[in-house]
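Spelled out from the first residue to the last, the chains are:
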Amino acid sequence: IGVLTTAKAKVLRRWKMCDNGITDALNEAKDNVKYLSTLEKYTEPLKSGTPEQIIESLPALMNNVKMMLTIARYYSTQEHMTTLFVKITNQMIKTCRRGIEYVDGDKKRLWD
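Residues numbered from 1 in each chain as written. Predicted model: local features only at pLDDT ≥ 70, side-chain atom pairs only at ≥ 80, totals over all residues. Heavy atoms only, no water.

**Re the overall build of the protein chain**
Here is step 1: Tallying secondary structure elements over the protein chain gives 4 helices and 2 strands in all.
Here is step 2: Counted from the first residue to the last, the protein chain has its helices and strands arranged as α-α-α-α-β-β.
Here is step 3: Taken over 112 residues, the protein chain has a buried fraction of 21%.
Here is step 4: Considering only residue pairs separated by 6 or more positions, the protein chain has 53% of its internal contacts joining residues 24 or more positions apart. (Helix = DSSP H or I, 4+ residues; strand = E, 2+ residues; numbered from the N terminus. Buried < 20%, exposed > 50% of the residue type's maximum accessible area, 1.4 Å probe, protein only. Contact = heavy atoms within 4.5 Å.)

**Details of helix α4 (residues 78–101)**
Here is step 1: If you check α4, its first and last C-alpha atoms are 34 Å apart, about what 24 residues at 1.5 Å a residue would give, namely 34 Å.
Here is step 2: For α4, the complete set of buried residues consists of Met81, Leu84, Ile88, Thr95 and Glu101. (Expected span 1.5 Å × (residues − 1).)

**Describing the packing of helix α3 (residues 51–71) against α4**
Here is step 1: Viewed as axis vectors pointing N to C, α3 and α4 meet at an angle of 175°, and their least axial separation amounts to 12 Å. If you check the angle between α3 and α4, you find them roughly antiparallel. Each of Pro51, Ile54, Leu58, Leu61, Met62, Val65, Met68 and Leu69 in α3 lies in contact with α4, whose residues at this interface are Met81, Leu84, Phe85, Ile88, Met92, Thr95 and Cys96. (Axes fitted to C-alpha atoms, helices over the stretch in contact; angles between N-to-C directions. Parallel < 35°, antiparallel > 145°, perpendicular 65-115°, else oblique.)

**Some thoughts on the environment of Ala72**
Here is step 1: Tracing the backbone through its elements, the reader meets Ala72 in the loop between α3 and α4.
Here is step 2: For Ala72, a relative accessible area of 4% gives the class buried.
Here is step 3: Taking the C-alpha atoms as reference points, Ala72 and Asn32, 40 residues apart in sequence, are found 7.7 Å from one another.
Here is step 4: Leave out the neighbours within four places in its chain, and Ala72 touches Asp31, Tyr35 and Met67.

That's the geometry; what it means functionally is another story.
Structural data, given as structure tokens:
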């Protein structure tokens, strides 16, 4: 890099732009993981809970999503939030549907 700097090579400028892009992407990924990992304990009922457990977990989940929206540097975009809400909603539907389909351990043909 020192030789390229001394020679004022054009390839160095492209390399620095590429390096900056990778660094920005790494920082965004770390930030997203940090905020999404805080939601993990609140999304567990969405995967394996009952409809009642889902209802109980929603206020805390929404408070954490609100915190992400106001604090997160990268994740607070409309695109990211929309995707997150679509995933939360779809998982709620799957879990609630599973809770409705089975009554007393028997599968009912409610959705057919």
